[in-house]
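The residues making up each chain are set out below.
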Amino acid sequence: MSKVKLDEIDHQILDMLIDNTRTPFTDIAKKLLISAGTVHVRVKKMEEAGIIKGSSLTLDYVKLGYSFIAYVGIFLEKTHQTKFVLERLNQIPYVTVAHITTGKFNIFCKIRAKDTTHAKNIIFKIDDIDGISRTETMISLEESINDKKRLMHTIFNEL
């Protein structure tokens, strides 16, 4: 599959949309001194190429009462149980991310909880899934880096 060619205008459009996906195309156009139609066409081109996949909303989970974050490394009894375990993890709404991994764990996931008691109940629910032999949990003390732009700018500089 060939790489899509993006120019500096595309980079700037993406930069603004990463800051706020709800930025009106007219505002982007004014800042870049181009027409709103040009912004629309370029965004559509990037969507069709699969570079832009939808748009997302960022919630402040702390304000919603979910300030506790933990990462759970999962050891499976047998690797062929991976799909089954992932389907069960997907049924637990507090499991927000799950990755199949190499190394120490078969699956590594992120959970969000209200507090330590709530997290304990979630982890016990994970432990009860058939096919899981054991888990190891790491508590996040603080999310120190969550920067979508750094990687994007590095990729643009490599193009």
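So, here is what we can say about the structure in this document. (Residues numbered from 1 in each chain as written. Predicted model: local features only at pLDDT ≥ 70, side-chain atom pairs only at ≥ 80, totals over all residues. Heavy atoms only, no water.)

In terms of regular secondary structure, the protein is built from six helices and four strands. Against the 2.2 N^0.38 benchmark of 15 Å for 159 residues, the protein shows a C-alpha radius of gyration of 20 Å, more extended than a compact globule. For the protein, the spread of C-alpha atoms along the principal axes amounts to about 55 × 40 × 25 Å. When each of the 159 residues of the protein is scored for burial, the buried share is 32%. Of the contacts formed within the protein by residues at least 6 apart in sequence, a portion of 67% connects residues at least 24 apart. With the model as given, the accessible surface of the protein reaches about 11,000 Å², and the carbon-plus-sulfur share is 53%. Of the charged side chains in the protein, 23 are positive and 20 negative, and the gap between their average positions amounts to 2 Å. (Helix = DSSP H or I, 4+ residues; strand = E, 2+ residues; numbered from the N terminus. Rg over C-alpha atoms; globule rule 2.2 N^0.38 Å. Buried < 20%, exposed > 50% of the residue type's maximum accessible area, 1.4 Å probe, protein only. Contact = heavy atoms within 4.5 Å. Areas by Shrake-Rupley, 256 points an atom, 1.4 Å probe, with all protein chains shown as cover. Lys, Arg positive; Asp, Glu negative; His and termini not counted. Charge placed at Lys NZ, Arg CZ, Asp CG, Glu CD.)

With that out of the way, let us pick up the sheet that holds strand β1 (residues 68–76). Spatially, four strands are ordered β2-β3-β1-β4 in an open sheet, and the strand pairing comes out antiparallel. In this open sheet, the two edge strands, each paired with only one partner strand, are β2 (95–100) and β4 (132–139). Across this sheet, the average inter-strand angle for adjacent strands is 20°, counted without regard to direction. Bridge count between β2 and strand β3 (residues 107–113): five bridges; the pairing is antiparallel. Counted as the bridge partner of Ala98 is Cys109 from β3. Along the sheet, helix α5 (residues 116–127) makes contact with β1, β2, β3 and β4, crossing β3 at roughly 145°. (Pairing = 2+ DSSP bridges. Axes fitted to C-alpha atoms, helices over the stretch in contact; angles between N-to-C directions.)

As a further point, take the packing of aromatic side chains. Given two aromatic rings, their pairing is described by the distance between the two centres and the angle made by the two planes. One pass over the structure, following the stated rule, counts four aromatic pairs. The interplanar angle of 15° and the centroid separation of 6.1 Å between the aromatic rings of Tyr66 and Tyr94 together place this pair among those described as stacked. Placement of Tyr66 in the loop between α3 (36–48) and β1 and of Tyr94 in the loop between α4 (82–89) and β2 is noted, with a sequence separation of 28 residues between them. Residues Phe105 and Phe108 carry aromatic rings whose centres are separated by 5.6 Å and whose planes lie at 35° to one another, so their mutual orientation is tilted. An aromatic cluster of at least three residues, connected via ring pairs, comprises Tyr71, Phe75, Phe105 and Phe108. When the ring centre of Phe75 is taken as origin, the NZ or CZ atom of Arg134, which lies over that ring, is 4.0 Å away. (Phe/Tyr/Trp six-rings, centres within 6.5 Å; stacked < 30°, edge-to-face > 60°. Lys NZ or Arg CZ within 6 Å of the ring centre and 35° of its normal.)

Right, let's get into the pattern of salt bridges. Overall, the coordinates contain 12 salt bridges when judged by the stated rule. Between Asp15 and Lys149 there is a salt bridge; the shortest N-O distance is 3.3 Å. In this pair, Asp15 is assigned in helix α1 (residues 8–19) and Lys149 in helix α6 (residues 148–158), connecting sequence segments 134 residues apart. Look at the salt bridges and you will find they share partners, linking Asp7, Asp10, Arg42 and Lys45 into a network. (Salt bridge = Lys/Arg side-chain N within 4 Å of Asp/Glu carboxyl O.)

Membership of the largest hydrophobic core comes to 19 residues, with the highest contact counts inside it found for Ile74, Leu89, Ile111 and Ile126. Looking at this core, the elements that each hand over two or more residues are β1, α4, β3 and α5. Broken down by element, the residue count for this core peaks at five residues, all from β1. In this structure Ile126 touches Val72, Ile74, Leu89, Ile92, Val95, Cys109, Ile111, Ile132 and Thr135, once residues within four positions along its chain are discounted. Of all hydrophobic cores here, the second largest spans 14 residues; its members include Ile28, Leu32, Val39 and Val43. (Core = buried A, V, L, I, M, F, W, Y, C linked by side-chain atoms within 4.5 Å.)

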